[in-house]
Amino acid sequence: MNASSQAGTSLLKNKVYMRVYSAFATATFGDWFDALAIQVLVGYRWQASPLMLALIPVSMALPGILLGSVAGVAADRLNKLKLMRMCDLLTALLTVLVLFAPNMLWLLPLLTLRAAISTLNVPAQQSMTRSIVREDQLLQATSLNGIVNQGSKIAGPLLGGFALSVLTPQWCILINACLRGCSYLLLLTVKNSEVGQVSSDKGAEGESVPLRTMWKEGWSFMLRSRLLLNSMLFGLVGALAIQMIDFQFTSLFRIISPSEESMLGWLVAATGVGAILMILVMNKMNRGTGYGWKLGTGYALIGGSVGGLGLLQPGVSTLPVLLLGFVLGLGNGMFMITFNYCLQKETPPHMTGRVFGIQSTILSGVMIGAPLLGGMLVQAAGPSVIFFNFGIVIALIGVLGIMFGRMLWPTEIEKADSLVEQSKKVEVLET
């Protein structure tokens, strides 16, 4: 029996989920501590150029392209609990090695190896959530995961900024390694018997189906699903624009706030506050409403805030940065929760790992070319101009999503009406 079937109406009563959730929260908090430290280390201490900064997301995206969809198959076929434990332990060890990286030539390969481990971890975590949580609790589970991710944006940069004021970036990286170790220990408290449904997914059928066949089934299912395909394509188009500037915030803040390394941390923290507020609001909203206006509005808010950041002048006070970060968080929270909930809701449990693996492959492909092109544009034209222009592009993508939302993401009623109309046309033709 599925572990979640014994839980009450509240997801918080699902003890298995809460332990897995606690491990996820611990690891995510450490990742944000680490991410801020690496940006400060590379951007402020090593004074890396915009193009070198762009190589960081590229090195982290390459494993996703090579392993993303394969990792999704592994998540559907292998023991998800053991896979997550292994990923946490290896990530902790690699983070310790990152701690001793003397320059970019050492840092980039280590980040690539660590990203390869994360490529396995993400679909395993999503697939396990789908297996141990009832369908009527999926939005709640997605919201809780989002709250952890966004909440870590608040606490991680704030505590990380404090640590950076008295310690070195290496100390923040060490904290991430320790928290990954704690996540591993938390997962050890979960027994395989408690998630029997998860480990039994591979079963006799899973063992008899070749890996290549399962990989093809995942892609075939996603391509046949109009709603999933449209969601992936819309996410891809927006990600192309966002990834152009995503790792250039350090370049922008070196101009508008050259003497305050903590300003970037304040922006990220404000983004986390906005995202958490939006997630809490969306968790109370009608789940039957369409995906289109939520995804489109998310991109519109992100674009507006990115464009606003491009208009900031050197010496700007903290308040405008906080306000724009808050709006950015609202958009990010709305888009990511809707997008992940859509993938979870519209995918059968036995396909979840593969669909999220395909998502990882697609988005990783974007992160190979887009950050490099963005780095070259920032180096040539300056970060302010590029942020403003791409903010407009992202906002326009969001507006188009709102305008054509009902066409791209039809509701259940609209899909049923469409089927009725098609059947009537067939009857007329037969008559």
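What counts and how
- Residues numbered from 1 in each chain as written.
- Predicted model: local features only at pLDDT ≥ 70, side-chain atom pairs only at ≥ 80, totals over all residues.
- Heavy atoms only, no water.
- Helix = DSSP H or I, 4+ residues; strand = E, 2+ residues; numbered from the N terminus.
- Buried < 20%, exposed > 50% of the residue type's maximum accessible area, 1.4 Å probe, protein only.
- Areas by Shrake-Rupley, 256 points an atom, 1.4 Å probe, with all protein chains shown as cover.
- Disulfide = S-S within 2.5 Å.
- Core = buried A, V, L, I, M, F, W, Y, C linked by side-chain atoms within 4.5 Å.
- Contact = heavy atoms within 4.5 Å.
- Phe/Tyr/Trp six-rings, centres within 6.5 Å; stacked < 30°, edge-to-face > 60°.
- Axes fitted to C-alpha atoms, helices over the stretch in contact; angles between N-to-C directions.
- Parallel < 35°, antiparallel > 145°, perpendicular 65-115°, else oblique.
- Left-handed = near helix turned anticlockwise from the far one by under 90°.
- Nonpolar A, V, L, I, M, F, W, Y, C, P; charged D, E, K, R; others polar.
- Salt bridge = Lys/Arg side-chain N within 4 Å of Asp/Glu carboxyl O.
- Expected span 1.5 Å × (residues − 1).
- Polar contact = N/O pair within 3.5 Å; in protein donor to acceptor, adjacent residues only side chain to side chain.
- pLDDT = per-residue confidence, 0-100.
- Patch = residues over 30% accessible without salt bridge, like charges linked within 9 Å, V, L, I, M, F, W, Y side chains within 5 Å.

## Topic: the overall build of the protein
Phase 1: Along the protein, the regular secondary structure elements total 18 helices and 0 strands.
Phase 2: In the protein, which comprises 431 residues, the proportion classed as buried is 53%.
Phase 3: Of the roughly 18500 Å² of accessible surface on the protein, 69% is carried by carbon and sulfur atoms.

## Re the state of the cysteines
Phase 1: Here the structure, examined in full by the defined rule, presents 0 disulfides.
Phase 2: Looking at the unpaired Cys 178, the closest cysteine sulfur is the one in Cys 182, lying at 7.0 Å.
Phase 3: Assessed through its relative accessible area of 46%, Cys 178 is described here as partly exposed.

## Thoughts on the nonpolar core
Phase 1: Ile 245, Phe 249, Phe 253, Tyr 299 and Leu 309 are the most contacted members of the largest nonpolar core, which totals 51 residues.
Phase 2: Examining the composition of this core, we find that 9 residues originate from one element, helix α10 (residues 226-245), more than from any other.
Phase 3: Those residues within four positions of Phe 253 in sequence are excluded, and the remaining contacts are Tyr 44, Pro 258, Met 263, Leu 264, Leu 267 and Val 321.

## What about the environment of Leu 66?
Phase 1: Mapped onto the fold, Leu 66 is located in helix α2 (residues 50-77).
Phase 2: For Leu 66 and Thr 361, which are 295 residues apart along the polypeptide, the C-alpha to C-alpha distance reads 7.4 Å.

## Here we look at the packing of aromatic side chains
Phase 1: For the coordinates displayed, the defined rule picks out 6 aromatic pairs.
Phase 2: Centre to centre, the rings of Tyr 17 and Tyr 21 are 5.6 Å apart; their planes meet at 25°, and the pair counts as stacked. Highlighted residues: Tyr 17 and Tyr 21, both in helix α1 (residues 15-45), separated by 4 residues, approximately one helical turn. For the pair formed by Tyr 17 and Tyr 21, the shared burial category is buried.
Phase 3: Geometrically, the ring pair formed by Phe 234 and Trp 409 is edge-to-face, given 5.2 Å between the ring centres and 85° between the ring planes.

## Some remarks on the packing of α10 against helix α16 (residues 383-403)
Phase 1: It is the contact of α10 with α16, at a shortest axis distance of 9 Å, that shows an interaxial angle of 165°. In terms of their interaxial angle, α10 and α16 are classed as roughly antiparallel. Here α10 runs over α16; the crossing is left-handed. Residues Phe 234, Val 237, Gly 238, Ala 241, Ile 242, Met 244 and Ile 245 of α10 lie in contact with α16, whose contacting residues are Ile 386, Phe 387, Phe 390, Val 393, Ile 394, Ile 397 and Gly 401.
Phase 2: Its residues assigned to classes, the contact of α10 with α16 shows 12 nonpolar, 2 polar and no charged.

## So, the pattern of salt bridges
Phase 1: Taken as a whole and assessed by the stated rule, the structure comprises 1 salt bridge.
Phase 2: Residues Asp 88 and Arg 180 are paired through a salt bridge, measuring 2.6 Å at the closest nitrogen-oxygen approach. Separated by 92 residues along the polypeptide, Asp 88 in helix α3 (residues 80-99) and Arg 180 in helix α6 (residues 169-188) bring together distant segments of the chain. Exposure class is identical for Asp 88 and Arg 180. Each is buried.

## Comments concerning helix α4 (residues 104-132)
Phase 1: In a regular helix each residue adds 1.5 Å, so 29 residues correspond to 42 Å; α4 covers 41 Å between its end C-alpha atoms and thus fits that length.
Phase 2: Within α4, 21 of the 29 residues are buried, which leaves the element mostly enclosed by the surrounding structure.
Phase 3: For α4, the N-terminal capping position is held by Asn 103, with its side-chain oxygen 3.1 Å away from the main-chain nitrogen of Leu 105.

## Some points on the side chain of Thr 26
Phase 1: Its location among the elements puts Thr 26 in helix α1.
Phase 2: When sequence neighbours within four positions are dropped, the list of residues in contact with Thr 26 reads Leu 179, Cys 182, Ser 183 and Leu 186.

## Observations concerning the environment of Gly 375
Phase 1: Here Gly 375 shows up in helix α15 (residues 352-381).
Phase 2: Note on Gly 375: relative accessible area 0%, which makes it buried.
Phase 3: Spatially, the C-alpha atoms of Gly 375 and Leu 53 are 7.4 Å apart, while their sequence positions differ by 322 residues.
Phase 4: Contact partners of Gly 375, with chain neighbours within four places excluded, come to Pro 50, Leu 51, Ala 54, Met 244 and Gln 248.

## Structural notes on the confidence of the model for the protein
Phase 1: Averaged over the protein, the pLDDT score is 77; the fraction of residues at 70 or greater is 79%.
Phase 2: Counted against residues more than four places away or in other chains, residues 197-207, with its pLDDT under 50, gives 16 contacts.

## Re a nonpolar patch on the surface
Phase 1: On the surface, Val 399, Leu 400, Met 403, Phe 404 and Met 407 cluster together into a nonpolar patch covering about 490 Å² of accessible area.
Phase 2: For the nonpolar patch, the leading source of residues is α16, giving 3 residues.
Phase 3: Relative to the helices and strands, Phe 404 is located in the loop between α16 and α17 (405-408).

## Re the packing of helix α13 (residues 292-310) against helix α14 (residues 318-345)
Phase 1: Close contact between α13 and α14 brings their axes to 8 Å; oriented N to C, the two are set at 155°. Relative to α14, the element α13 lies roughly antiparallel. In the packing of α13 onto α14, the handedness of the crossing is left-handed. Between α13 and α14, the residues in contact are Trp 293, Lys 294, Leu 295, Thr 297, Gly 298, Tyr 299, Leu 301, Ile 302, Ser 305, Val 306, Gly 308 and Leu 309 and Leu 324, Val 327, Leu 328, Leu 330, Gly 331, Asn 332, Met 334, Phe 335, Thr 338 and Phe 339, respectively.
Phase 2: A per-class count over the contact of α13 with α14 returns 14 nonpolar, 7 polar and 1 charged.

## Some remarks on the environment of Trp 409
Phase 1: Along the polypeptide, Trp 409 turns up in the loop between α17 and α18 (412-430).
Phase 2: What makes Trp 409 buried here is its relative accessible area of 2%.
Phase 3: Sequence separation between Trp 409 and Leu 227 is 182 residues; the distance between their C-alpha atoms is 5.7 Å.
Phase 4: If we skip the residues at most four places from it in the chain, Trp 409 touches Leu 227, Asn 230, Ser 231, Phe 234, Tyr 291, Gly 292, Leu 295 and Gly 401.
Phase 5: In terms of polar contacts, Trp 409 uses its side chain to reach the side chain of Ser 231, at 2.8 Å.

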